[in-house]
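Single-letter residue listing:
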Amino acid sequence: MQLLDGKLLSAQIKLEIAAQVAQIRETGGKIPHLVAILVGTKGASETYVASKMKSCEEVGMASTLIRFEPDVSEDELLAKVREVNNNPDMDGLIVQLPLPDHINPDRIMETIDPAKGVDGFHPINIGRMAKGLPAYVSATPQGVLEMIKRYDIKTAGKHCVVVGRSQIVGLPMSILMQRNTYPGNCTVTLTHSRTQHLADICRSADILIAALGRPEFITADMVKDGAVVIDVGLERVPDASKKSGFALKGDVKFDEVAPKASFITPVPGGVGLMTICSLMQNTLKAARGEVY
Ligand code: GUN
């Protein structure tokens, strides 16, 4: 069993990005600038956005965090999105999800200029990704691809089972893994909460990607010997022994699944760290005008 070490990879990737940003700086080019909009101060979102902003700083990129109270109107938020769209100094824009119930996330995502939509959530980016055209790819699936590539995991002809059909992870992951490229060329099964015989299907996976958001759902009996297991889950589970009062768990019961896997991601220290790297990579591409 080999660990897919997100900590190690993300540190390497950040160094690579930092070197590229330094080169832009030396040659007087446009310093990449990421803007994040955060509505309210819900625990996990606050942490994620803080970590995105900190990563920008680490690699030498510019970043701006725009905050709104949870009762901000949809119109006010849309106006801010349009303002960022029109600001040539701002290269990438993310609006952290989830948003309060009175705001339609699709309207927000569709208003972000696709050329600045470094989260890859705009329908144009999703459509271009599906067609294999240059596009911003959703950060977590892109991070998973990067891991597969850097560990040289073979994918052609393999059965890839994706558990979970979220717009952010499961759905794009399934599209990416079936594309005629590397990583890709898998036979993909996309499973979800209504899937019958889920354990049987998971057991037939050469590559199992768990992205359903249920702590330790994937148990050893659901995993084939030698499978590649990628855990996209990250949930807070109450744990009185921790100072914070919670422990972070993935969707895979790591201790019992790891001995059966050929490769497996730990949680934390796996896919999560790769996600932020993808966002930095996309922001760099945005500043260079490499996608649009
Ligand atoms: N909420 C959970 N994941 C993400 C993400 O990748 N981007 C944004 N904007 N919100 C999220």
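Everything below is about the structure printed above this text.
Rules behind the numbers
- Residues numbered from 1 in each chain as written.
- Predicted model: local features only at pLDDT ≥ 70, side-chain atom pairs only at ≥ 80, totals over all residues.
- Heavy atoms only, no water.
- Helix = DSSP H or I, 4+ residues; strand = E, 2+ residues; numbered from the N terminus.
- Rg over C-alpha atoms; globule rule 2.2 N^0.38 Å.
- Buried < 20%, exposed > 50% of the residue type's maximum accessible area, 1.4 Å probe, protein only.
- Areas by Shrake-Rupley, 256 points an atom, 1.4 Å probe, with all protein chains shown as cover.
- Lys, Arg positive; Asp, Glu negative; His and termini not counted.
- Charge placed at Lys NZ, Arg CZ, Asp CG, Glu CD.
- Pairing = 2+ DSSP bridges.
- Phe/Tyr/Trp six-rings, centres within 6.5 Å; stacked < 30°, edge-to-face > 60°.
- 1 Å grid on protein atoms, 1.4 Å probe; cavity = no way out; pocket = protein on both sides within 12 Å on 5 of 7 lines; lining within 4 Å.
- Points joined across faces, edges and corners; volume = space filled by probe spheres on them.
- Nonpolar A, V, L, I, M, F, W, Y, C, P; charged D, E, K, R; others polar.
- Axes fitted to C-alpha atoms, helices over the stretch in contact; angles between N-to-C directions.
- Contact = heavy atoms within 4.5 Å.
- Near = heavy atom within 4 Å.
- Polar contact = N/O pair within 3.5 Å; in protein donor to acceptor, adjacent residues only side chain to side chain.
- Sits in = over half its atoms within 2 Å of the grid points.

Colleague: Pulling in residues and values, what's your account of the overall build of the chain?
Modeller: A count of helices and strands for the chain gives ten helices and eleven strands. Against the globule reference of 19 Å for 292 residues, the chain gives a C-alpha radius of gyration of 19 Å, in line with a compact fold. Dimensions along the principal axes, computed over C-alpha positions, put the chain at roughly 50 × 40 × 35 Å. Taken over 292 residues, the chain has a buried fraction of 48%. In the structure as shown, the chain presents an accessible area of about 13,500 Å², 52% of it carried by carbon and sulfur atoms. Charged side chains in the chain number 32 positive and 33 negative. The centres of these two groups are separated by 3 Å.

Colleague: Can you tell me about the pairing of strand E8 (residues 228-231), naming the residues and giving the values?
Modeller: Within a regular strand, the side chains alternate between the two sheet faces. Side chains Val228 and Ile230 of E8 all project onto a buried face; the interleaved residues Val229 and Asp231 project onto the opposite face, where all are buried too. Sheet analysis places strand E7 (residues 207-210) next to E8, joined by four bridges and oriented parallel. Bridging across to E8, Ile209 finds its partner in Ile230. Examined bridge by bridge, E8 and strand E11 (residues 263-264) share two bridges and lie parallel to one another.

Colleague: Quick one: what's the story with the packing of aromatic side chains, residue by residue and with numbers?
Modeller: According to the stated counting rule, one finds two aromatic pairs in the structure shown. Between Tyr136 and Tyr292, the aromatic rings sit 6.0 Å apart at their centres with planes inclined by 40°, giving tilted as the arrangement. Highlighted residues: Tyr136 in the loop between helix H5 (123-131) and helix H6 (139-150) and Tyr292 in the segment after helix H10 (271-288), separated in sequence by 156 residues. Summarising the aromatic geometry, the rings of Tyr151 and Phe263 are spaced 6.3 Å apart at their centres and angled 70° between planes, so their arrangement reads as edge-to-face. In this pair, Tyr151 sits in the loop between H6 and strand E5 (159-163) while Phe263 sits in strand E11, placing the two residues 112 residues apart along the sequence.

Colleague: So what's going on with empty space enclosed by the protein? Residues and values would help.
Modeller: One pass over the full model with this rule turns up two cavities of 30 Å³ or more. Roughly 40 Å³ of volume is contained in the largest cavity. In terms of lining residues, the largest cavity is bounded by Met109, Ile112, Gly117, Asp119, Phe121 and His122. Residues belonging to the lining of the largest cavity are distributed by class as follows: three nonpolar, two polar and one charged. Lining the second largest cavity are Leu38, Val39, Gly40, Lys42, Ser45, Gln96 and Pro98. A breakdown of the residues in the lining of the second largest cavity according to their chemical character gives three nonpolar, three polar and one charged.

Colleague: Give me the sheet that holds strand E2 (residues 33-39): which residues, what numbers.
Modeller: As summarised here, the arrangement of the three strands in space is E3-E2-E4, forming an open sheet in which the pairing is parallel. The open sheet has two edge strands with one neighbour each: strand E3 (62-68) and strand E4 (92-95). For this sheet, the mean angle separating the axes of adjacent strands, direction not counted, is 15°. Here E2 runs beside E4; their pairing, made up of four bridges, is parallel. Bridge pairing in E4 places Ala36 opposite Ile94.

Colleague: Tell me what's going on with the layout of surface pockets, and back it up with residues and numbers.
Modeller: The calculated volume of the largest pocket comes to roughly 1,400 Å³. Considering the residues around the largest pocket, the lining is formed by 49 residues, among which Tyr48, Thr140, Leu234, Gly272 and Thr275 are closest to the centre. When residues in the lining of the largest pocket are grouped by element, the largest group, ten residues, is from helix H2 (residues 43-59). In this model, the second largest pocket occupies a volume close to 310 Å³. Forming the boundary of the second largest pocket are 16 residues, of which Val137, Leu145, Lys149, Arg179 and Lys285 lie nearest the centre. It is H6 that provides the largest number of residues to the lining of the second largest pocket, a total of four residues.

Colleague: How would you sum up the environment of Pro98? Please name residues and give values.
Modeller: For Pro98, the location among the structural elements is in the loop between E4 and helix H4 (105-111). C-alpha separation for the pair Pro98 and Leu38, spaced 60 residues apart in sequence, amounts to 9.5 Å. Leaving out residues up to four positions away in the same chain, Pro98 has contacts with Lys42 and Ser45.

Colleague: Now, about the site of the ligand: what can you tell me, with residues and values included?
Modeller: Neighbouring the ligand are the residues Lys52, Val95, Gln96, Leu97, Asp119 and Phe121. A distance of 2.9 Å separates a nitrogen atom of the ligand from a polar atom in the backbone of Leu97. Bound to the protein, the ligand loses 83% of the 280 Å² it would expose on its own. In a pocket analysis with a 2 Å cut-off to the grid points, the ligand is assigned to the largest pocket. Considered class by class, the residues forming the shell around the ligand number three nonpolar, one polar and two charged.

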